[in-house]
Amino acid sequence: MKLETFLELLDEPQVQEKIKALLIDAPSAERVDIVALQQENQALNLENKTLKEDVKDMTGMIERLKNLISGKDKEISTGHSETTELNQQLSALTEKMQDKEEALERLKAENKETRLQLNEADKKLNWYREQFSDDVNVQNIYSDLSAATQGSLSGIFKSTTVSGLIACGIQEKNIGNLWEYAKNEVVNASNPDTPRIIQLFELLFSRFIIAFPMYQVQRVTLGEDFDTQLHIKHNSSDNVSGAVTAVLLRGYLNTKTEKIIKQSIVKI
């Protein structure tokens, strides 16, 4: 029999009466001290009560531990769920990042290809500029001339497109007529278009000598002596003879024959 059960039986009145009867009926030599037994019984009851309280405390502690463990299990479960969700989000973000990186690589490749195309286009553009910048300038200069000046040049330029101006300007007769027109405007000094007319002649003459390389612009150096064989004196000159102080319009010559075709107009 367990001690706890035995102690509970001792609390029963019938058991206590039975014990008393046995003690009374027992031989005197075998009788026990009832007071001592009662004291021992009380001590046992007190110990039993203490044990019960200890058991109750332990039971409460066990319940608290169970609740604590249960709470921790819930926290662990919740944490596991959150970790799973975070892992899923991380996986999704990683996939998006990979997509972005692939898109970036494609853009880099496209950018590289575009740069190569732009470089090629720049090369072509520079080539066209080198080849046709003068032609474009001819068109721009002509467009800036007044309507009166353009009318005066209509006998030289049958077409006013870029190709038409170049085609007309590089003909030997037309380049001579253009120089004569420029000479008249320089001598008269009354047309505000005169600087542009000179520019137009110089640009067209640079094209003209490509087709006719025997011709060359006359070289006149400031400070050289005025020579009627080489120069035409402008009416604004300060002296009748002497050193050249300014070149208003350059002439040109045939390098093969050394013949001066057009004399330069200068100031002395």
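Up top you'll find the structure we're talking about.
Conventions used here
- Residues numbered from 1 in each chain as written.
- Predicted model: local features only at pLDDT ≥ 70, side-chain atom pairs only at ≥ 80, totals over all residues.
- Heavy atoms only, no water.
- Axes fitted to C-alpha atoms, helices over the stretch in contact; angles between N-to-C directions.
- Helix = DSSP H or I, 4+ residues; strand = E, 2+ residues; numbered from the N terminus.
- Parallel < 35°, antiparallel > 145°, perpendicular 65-115°, else oblique.
- Left-handed = near helix turned anticlockwise from the far one by under 90°.
- Contact = heavy atoms within 4.5 Å.
- Buried < 20%, exposed > 50% of the residue type's maximum accessible area, 1.4 Å probe, protein only.
- Patch = residues over 30% accessible without salt bridge, like charges linked within 9 Å, V, L, I, M, F, W, Y side chains within 5 Å.
- Areas by Shrake-Rupley, 256 points an atom, 1.4 Å probe, with all protein chains shown as cover.
- Salt bridge = Lys/Arg side-chain N within 4 Å of Asp/Glu carboxyl O.
- Lys, Arg positive; Asp, Glu negative; His and termini not counted.
- Charge placed at Lys NZ, Arg CZ, Asp CG, Glu CD.
- Phe/Tyr/Trp six-rings, centres within 6.5 Å; stacked < 30°, edge-to-face > 60°.
- Pairing = 2+ DSSP bridges.

A look at the packing of helix H6 (residues 172–188) against helix H7 (residues 194–211)
Here comes step 1: At a minimum axis distance of 10 Å, the contact between H6 and H7 shows a crossing angle of 155 degrees. The angle between the axes of H6 and H7 places the two elements in the roughly antiparallel class. Considering only the axes of H6 and H7, their crossing is left-handed. Residues Glu 172, Ile 175, Leu 178, Trp 179, Tyr 181, Ala 182, Glu 185 and Val 186 of H6 form the contact with H7, whose own contacting residues are Thr 194, Ile 197, Ile 198, Leu 200, Phe 201, Leu 204, Phe 205 and Phe 208.

What to know about unusual backbone geometry
Here comes step 1: Of note, Ala 189 is a non-glycine position whose phi angle comes to about 55 degrees, a positive value.
Here comes step 2: Tracing the chain through its elements places Ala 189 in the loop between H6 and H7.
Here comes step 3: Residue classification places Ala 189 among the exposed residues on the basis of a relative accessible area of 59%.

Things to note about a negative patch on the surface
Here comes step 1: The grouping of Glu 95, Asp 99, Glu 101 and Glu 102 at the surface amounts to a negative patch.
Here comes step 2: Mapped onto the elements, Glu 101 comes out in helix H3 (residues 34–144).

Focus on the packing of aromatic side chains
Here comes step 1: Considering all chains together, one arrives at eight aromatic pairs under this definition.
Here comes step 2: Relative to Phe 157, the ring of Tyr 142 lies with its centre 5.8 Å away and its plane at 75 degrees, an arrangement referred to as edge-to-face. With a gap of 15 residues between them, Tyr 142 in helix H3 and Phe 157 in the loop between helix H4 (147–152) and helix H5 (162–169) connect regions that are remote in the sequence.
Here comes step 3: The exposure class assigned to Tyr 142 is buried, which follows from its relative accessible area of 5%.
Here comes step 4: When the ring of Phe 205 is compared with that of Phe 208, the centres are 5.6 Å apart and the planes differ by 40 degrees; the resulting orientation is tilted. With Phe 205 and Phe 208 both in helix H7, this residue pair falls three residues apart, about one helical turn. One exposure class covers both Phe 205 and Phe 208, and it is buried.
Here comes step 5: Members of the aromatic cluster, connected to one another through ring pairs, are Phe 201, Phe 205, Phe 208, Phe 212, Tyr 215 and Tyr 252.

Some remarks on the sheet that holds strand E4 (residues 252–254)
Here comes step 1: If you trace the three strands from one edge of the open sheet to the other, you get E1-E4-E5, paired in antiparallel fashion. Of all the strands in the sheet, the pair left with one neighbour each is strand E1 (215–217) and strand E5 (259–262). Going from strand to strand, the sheet's axes swing by 35 degrees on average, the running direction of each strand aside.
Here comes step 2: With three bridges connecting them, E1 and E4 associate as antiparallel partners. Each residue of the ladder has a partner; that of Gln 216, found in E4, is Leu 253.
Here comes step 3: Along the sheet face, H7 touches E1 and E4 and points at about 150 degrees away from the line of E1.

Some details on the pattern of salt bridges
Here comes step 1: In the structure shown here, the tally under the stated rule is four salt bridges.
Here comes step 2: With a closest N to O distance of 4.0 Å, Glu 105 and Lys 108 form a salt bridge. With Glu 105 and Lys 108 both in helix H3 and three residues apart, the pair spans about one turn of that helix.
Here comes step 3: Looking at Glu 105, the relative accessible area reads 49%, which means it is partly exposed.
Here comes step 4: Between Arg 196 and Asp 193 there is a salt bridge; the shortest N-O distance is 2.7 Å.
Here comes step 5: Residue class for Arg 196 comes out partly exposed when judged on its relative accessible area of 28%.

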